[in-house]
Amino acid sequence: MLIQFHILQNYAPSNLNRDDTGSPKDAIFGGKRRGRISSQCLKRSIRWSAAFQDAFRATDLLGVRTKKLPSLIEEELRKLGADDEIVKAIVKRVPEIGRESGKKGPENDDNEEMRNEDSAGEVETETKQLIFIAPNELSILAGKLLESYQRIGSRRWPTIKIPEITKDLGDTMPRSVDIAMFGRMTTSSAFENVEASVQVAHALSTNALSEEFDYFTAVDDLSGETGAGMIGDVEFNSSTYYKYLNVHWEKLVENLGGDVAAARKAVLALLEAAATAHPTGKQNTFAAFNLPDFILVEVSERNLPVSYANAFLKPAYASGDRTLMDASIDLLAGYLEKISGAYNLTPARAYLCLTNSSLNGAQKAESLAALQDWLADQLPAEK
């Protein structure tokens, strides 16, 4: 089963997702420059949205991406009642986890001093790479490290190569909704790679991009001078974005260890989060908290993902009383009808629309909650 979300969302002047120069991200599409919000930005806003946090935080079904693995493992080892000296010995090796790629260099040097100390000669307290880890994995990993330490012995432990330690541990399957949805790639044998069950496209503006600049000044309140204490400028734009996400149901259930109830809850939370979560870039400056005017949900047994971004190869534009959103919805509806006929696409469809536009062959929902109820009815029942 494949579940697809298509969203049209107009943002007021904003700089939601910046590049390395501080400018809003963009891309060339259909021969025209478009506004862009990266998929990584969208996924993070979804993971940290109230919809996800409220749904799963209390049940420990959300993972964390962090370099603080040593301190997390130390906490778990102490819960297991390990002696201080053993805890210190084990935690000292934890920063090396993730470096088992076999590449030569300071990060993978076999020399003990290089391995356990940074350039300033201090013992490392973080991993070199961010590690995406589920709550249930921490206690298991700590327990395996303790068993490995006891088996290897205190004399060999400080000098044994880290690949031998992590290979001895074996991986564990994470029990985390966000890892199950968005996947995890790891370079360590201590963690299992997880193939994502959710794909998120970069959001693209349906309109051609027009960048603008805000010139601003700040006054020194205590100087007594009338001139500006500093000056600056920030780039921004206002665009209507097309967002596309899809969920492979069977893969999601597999990643959640067969938990259909958790998978159902995750899909419904994803719909709410995709609709209500916002990127945080420059929001203190622009406060661009604009909800979507149009959301289309499709559910099909056929695993054939189809983005409707090509509806906007020719940029949408406002004219007369017809807004940019009106034009965008009309372009998407027209393209949907054409491509569905050409490729015999017949998913179950429902949509939420704040304008008077309609979609043939799709059920109209009056609210996001009603759209979620419709989607819930399409999903397999809990076993």
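Further up the page is the structure itself.
Parameters at a glance
Residues numbered from 1 in each chain as written. Predicted model: local features only at pLDDT ≥ 70, side-chain atom pairs only at ≥ 80, totals over all residues. Heavy atoms only, no water. Salt bridge = Lys/Arg side-chain N within 4 Å of Asp/Glu carboxyl O. Buried < 20%, exposed > 50% of the residue type's maximum accessible area, 1.4 Å probe, protein only. Helix = DSSP H or I, 4+ residues; strand = E, 2+ residues; numbered from the N terminus. Axes fitted to C-alpha atoms, helices over the stretch in contact; angles between N-to-C directions. Parallel < 35°, antiparallel > 145°, perpendicular 65-115°, else oblique. Left-handed = near helix turned anticlockwise from the far one by under 90°. Contact = heavy atoms within 4.5 Å. Nonpolar A, V, L, I, M, F, W, Y, C, P; charged D, E, K, R; others polar. Phe/Tyr/Trp six-rings, centres within 6.5 Å; stacked < 30°, edge-to-face > 60°. Lys NZ or Arg CZ within 6 Å of the ring centre and 35° of its normal. Lys, Arg positive; Asp, Glu negative; His and termini not counted. Core = buried A, V, L, I, M, F, W, Y, C linked by side-chain atoms within 4.5 Å.

**Student:** What should I look at first to understand the pattern of salt bridges in this one?
**Tutor:** When the charged atoms of two side chains lie near each other, side chains of opposite charge can form a pair. Counted by the stated rule, this structure contains 14 salt bridges. Here Arg 33 ties to Asp 26 by a salt bridge, and the two come within 3.2 Å at their closest N and O atoms. You can call Arg 33 partly exposed: its relative accessible area is 42%. The partner of Glu 195 in a salt bridge is Lys 251, and the shortest N-O contact between them spans 3.9 Å. Taken as a pair, Glu 195 in the loop between α8 (177-182) and β6 (198-200) and Lys 251 in helix α9 (residues 249-255) lie far apart in primary sequence, 56 residues in all. Glu 195 sits in the exposed class, given a relative accessible area of 57%. Accessibility expressed as a relative area gives 17% for Lys 251, which makes it buried. Through salt bridges with shared partners, a single ionic network connects Glu 74, Arg 78 and Asp 84.

**Student:** Please clarify how the packing of helix α6 (residues 135-152) against helix α7 (residues 162-169) should be interpreted in this entry.
**Tutor:** Think of two packed helices as two axes; the pair is described by the angle between the axes and how far apart they sit. Across the interface, α6 lies against α7 with an axial gap of 9 Å and an inter-helix angle of 120°. Classified by the angle between their axes, α6 and α7 sit oblique to one another. The handedness of the crossing between α6 and α7 is right-handed. Mapping the contact onto sequence places Leu 141, Lys 144, Leu 145, Ser 148, Arg 151 and Ile 152 in α6 and Ile 165, Asp 168 and Leu 169 in α7. Its residues assigned to classes, the contact of α6 with α7 comprises five nonpolar, one polar and three charged.

**Student:** Sorry, what's going on with unusual backbone geometry here?
**Tutor:** If a residue is not glycine, its phi is most likely negative; likewise, a peptide bond is most likely trans. Non-glycine residue Asp 60 carries a positive phi angle of around 55°. Its place among the elements puts Asp 60 in the loop between α2 (50-56) and β4 (64-66). Take Asp 60: its relative accessible area is 48%, and that puts it in the partly exposed class.

**Student:** Is there a simple way to think about the packing of aromatic side chains in this case?
**Tutor:** Centre distance and the angle of the planes are the two values used to describe a pair of aromatic rings. The full count for this structure, using the stated rule, is seven aromatic pairs. Arranged with centres 5.3 Å apart and planes meeting at 75°, the rings of Tyr 149 and Trp 157 form a pair that is edge-to-face. Here Tyr 149 and Trp 157 have matching classes, each one buried. The aromatic ring of Phe 132 is capped on one face by Arg 65, whose charged end is 4.3 Å from the ring centroid.

**Student:** When you look at the side chain of Lys 243 in this model, what are you seeing that I'm missing?
**Tutor:** Along the chain, Lys 243 falls in strand β9 (residues 230-248). Buried within the structure, Lys 243 lacks any salt-bridge partner; its nearest side chain of opposite charge belongs to Asp 293, at an N-O separation of 11 Å.

**Student:** Help me out: how do you make sense of the nonpolar core in this one?
**Tutor:** Grouped burial of nonpolar side chains is what soluble globular proteins tend to show. In terms of nonpolar packing, the biggest core is built from 55 residues, with Ile 3, Phe 52, Leu 270, Val 297 and Leu 375 touching the most fellow members. Not counting residues within four places of it along the chain, the set of residues in contact with Leu 375 comprises Ile 3, Phe 5, Val 267, Leu 268, Leu 271, Val 297 and Val 299. One finds Val 94, Ala 142, Leu 145 and Trp 157 within the second-largest nonpolar core, a separate group that totals 26 residues.

**Student:** Would you explain the environment of Tyr 317 in this entry?
**Tutor:** Topologically, Tyr 317 is positioned in the loop between β10 (294-300) and α12 (324-343). Of the residues examined, Tyr 317 reaches a relative accessible area of 54% and is grouped as exposed. Note: C-alpha distance between Tyr 317 and Ala 180 (137 residues apart in sequence) is 39 Å.

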